[in-house]
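What the coordinates show
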Amino acid sequence: MTDPKSRSRERFAAHAHAYVTSESHAGGEDLEAVVRLADARPEWVALDVATGGGHTAIAIAPFVAGMVALDLTPEMLDAARGLAAERDVAGIEFVLGDAEALPFPDASFDLVTCRIAAHHFPDVQAFADAVARVLRPGGRFVLHDQCVPDNAAAATFVNLFERLRDPSHQRSLAEGAWREVLRRANLEIEAVEHFEKRMSLETWSARQGCTPQTVTQLRELLADAGETTAAWMAAEGEGSETTFTIHQVVIAASKG
Ligand SMILES: C[S@@+](CC[C@H](N)C(=O)[O-])C[C@H]1O[C@@H](n2cnc3c(N)ncnc32)[C@H](O)[C@@H]1O
C-alpha cells in the first residue's frame, strides 16, 4: 500500500487508540474555538470530516439535531464510536468515506467541521470544493489545521519534519494558502484565529509509533533548523525533555 490515502489508513488503523487518549486532540482552546466559531443551532445537521477519535464531533453533537462523523479509517470510526458511547453522547452517525469525495448529496449540511486532519489530504482543493458542495447556501465551514510559516524554506522544513514522524503527512499550508483554497471553493472567510501548542517530542512521536532512530533524527533536525524555522518551532530542552511548538489556524467560512 503506497498511495497517500492507503498510507493514512494504514497509519491511523495502527494507532487509532492513541488519538482517542491524546491530550492535544481531546481538548484545548483550539477545540473550544472550533465549537465557538461553529456557533451551532439546535435545528442544524452537521458533518465532522476526518473525525479521528471523534473529539470534535462529540463536542458539537449536543448542540445540533444531527451529527455525521466521517473518516477514511474503519478502526478510527470504531474508536470514535467507543468514545461517544463512553461519554454518553448519542445520535452520531459514523460514515466511512473520503474527505475529497464526500458521499453525500449537495446541500446536505448546515455545518461542516474538520480539525487536525487536512494536512493528510493529497488534494485540499478537492476537499474544500466537496465541503462547499455538501453545505447548504449560507452554511458554515470551520476548518482547523496545523499551519506553516509564509517563508517557503521554513515551510518545507516543517513539512519534512512532520513527514519523518508520520509518512502519511502530505502538507500543512500557510494561512494565506488556505485563504486562496477557500476563495476558489467560493467560501467566504468570516473569522481567523491562531493557536500554539507546546508538544513533547517524545509523546508526539510515540503517537505515531516512531522508532528510537526516527526520534533521534527528529531531534537532530530540530537542532539543525535555520533561524526562521528555529524561531517558528521554538525547540527547548534536551533528550527526552525536548519540546517544540505546533502552530494551528482555525478559519470559519460561509457558503454564499
Ligand atoms: C489526527 S486525526 C483527526 C483528529 C480529529 N479530527 C480530532 O478533532 O481529534 C486525522 C484523521 O484523518 C483521517 N483521514 C486521513 N485522510 C483522510 C481522508 N482523505 N478522508 C477522510 N479522513 C481522512 C485519518 O483516518 C485520521 O482519523
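Rules behind the numbers
Residues numbered from 1 in each chain as written. Predicted model: local features only at pLDDT ≥ 70, side-chain atom pairs only at ≥ 80, totals over all residues. Helix = DSSP H or I, 4+ residues; strand = E, 2+ residues; numbered from the N terminus. Rg over C-alpha atoms; globule rule 2.2 N^0.38 Å. Buried ≥ 20, exposed ≤ 12 C-beta atoms within 10 Å, placed from the backbone. Contact = placed C-beta atoms within 7 Å. Near = placed C-beta within 6 Å. Nonpolar A, V, L, I, M, F, W, Y, C, P; charged D, E, K, R; others polar. Core = buried A, V, L, I, M, F, W, Y, C linked by C-beta atoms within 7 Å. Axes fitted to C-alpha atoms, helices over the stretch in contact; angles between N-to-C directions. Parallel < 35°, antiparallel > 145°, perpendicular 65-115°, else oblique. Pairing = 2+ DSSP bridges. Right-handed = clockwise from strand over helix to strand, strands pointing away. Left-handed = near helix turned anticlockwise from the far one by under 90°.

Attention now goes to the overall build of the protein chain. Of regular secondary structure, the protein chain possesses 12 helices and seven strands. Against the globule reference of 18 Å for 256 residues, the protein chain gives a C-alpha radius of gyration of 18 Å, in line with a compact fold. Expressed as lengths along the three principal axes of its C-alpha atoms, the size of the protein chain is roughly 50 × 35 × 35 Å. Burial analysis of the protein chain (256 residues in total) assigns 44% to the buried set.

For the rest of this paragraph, the subject is the environment of Gly226. By the secondary structure assignment, Gly226 is in the loop between helix 11 (212-224) and helix 12 (227-233). The spacing of Gly226 and Ala153 is 73 residues in sequence and 9.1 Å in space, taken between C-alpha atoms.

This part covers helix 7 (residues 124-134). Within helix 7 the residues assigned to the buried category are Val124, Phe127, Ala128, Ala130, Val131, Ala132 and Val134. Packed against the buried residues of helix 7 are strand 1 (45-49), strand 4 (109-115), strand 5 (135-146), helix 9 (175-184), strand 6 (187-200) and strand 7 (243-255).

Near the ligand there are 23 residues, and of these Ala50, Gly52, Leu72, Thr73 and Ala99 occur at the shortest range. Elements supplying a minimum of two residues to the shell around the ligand: helix 1 (4-14) and helix 5 (55-60). In terms of residue count, helix 1 provides more of the shell around the ligand than any other element does, three residues in total. Among the residues forming the shell around the ligand, the class breakdown is nine nonpolar, nine polar and five charged.

Ala46, Ile60, Met67, Val112 and Val131 are the most contacted members of the largest nonpolar core, which has 76 residues in total. In contact with Ala46, not counting residues within four places along its chain, are Ala40, Ile60, Val64, Gly66, Met67, Phe109, Asp110, Leu111 and Thr113.

Along the chain, the position of Ala84 falls in helix 6 (residues 74-86). Taking the C-alpha atoms as reference points, Ala84 and Gly66, 18 residues apart in sequence, are found 14 Å from one another. Beyond its immediate sequence surroundings of up to four residues, Ala84 is in contact with Gly54, Ile58, Val89 and Ile92.

It is the contact of helix 8 (residues 152-165) with helix 11, at a shortest axis distance of 10 Å, that shows an interaxial angle of 170°. In this view, helix 8 runs roughly antiparallel relative to helix 11, as classed from their interaxial angle. Together, Phe161, Leu164 and Arg165 of helix 8 and Thr214, Gln217, Leu218 and Leu221 of helix 11 make up the contact between the two elements.

Moving on to the pairing of strand 3 (residues 92-96). The sheet contact formed by strand 2 (residues 66-71) and strand 3 spans five bridges and is parallel. From the neighbouring strand, Met67 faces strand 3, where its bridge partner is Ile92. For the segment spanning strand 2, helix 6 and strand 3, crossover handedness is right-handed.

Read across the sheet, seven strands follow the order 3-2-1-4-5-7-6 without closing on themselves; strand pairing throughout is mixed. Edge positions in the sheet fall to strand 3 and strand 6, since each has one partner strand and no second. Averaged over all neighbouring strand pairs, the angle between strand axes comes to 15°, with direction disregarded. Examined bridge by bridge, strand 4 and strand 5 share six bridges and lie parallel to one another.

Once that is clear, we can look at the packing of helix 7 against helix 9. Following both chains from N to C, one finds helix 7 and helix 9 inclined at 45°, their axes separated by 9 Å at the closest point. Considering their axes alone, helix 7 and helix 9 lie oblique with respect to each other. Here helix 7 and helix 9 pass one another in a crossing that is right-handed. Along the contact surface, helix 7 presents Val124, Gln125 and Ala128, while helix 9 presents Val181, Leu182 and Arg184.

Further remarks concern unusual backbone geometry. Notably, Ala107 is not glycine yet its phi reads approximately 55°, a positive angle. Locating Ala107 in the fold gives a position in the loop between strand 3 and strand 4. One non-glycine residue, Ile116, lies in positive phi territory at about 50°. Residue position: Ile116 is located in the loop between strand 4 and helix 7. Residue classification places Ile116 among the buried residues on the basis of 23 C-beta atoms within 10 Å.

Here the focus is the pairing of strand 1. Most of strand 1 is tucked away: four of the five residues are buried. With five bridges joining them, strand 1 and strand 2 adopt parallel strand pairing. Residue pairing in the sheet places Leu47 in a bridge with Val68 of strand 2. For the crossover that starts at strand 1, traverses helix 5 and ends in the parallel strand 2, the hand is right-handed. Relative to strand 4, strand 1 runs parallel, the two sharing four bridges.

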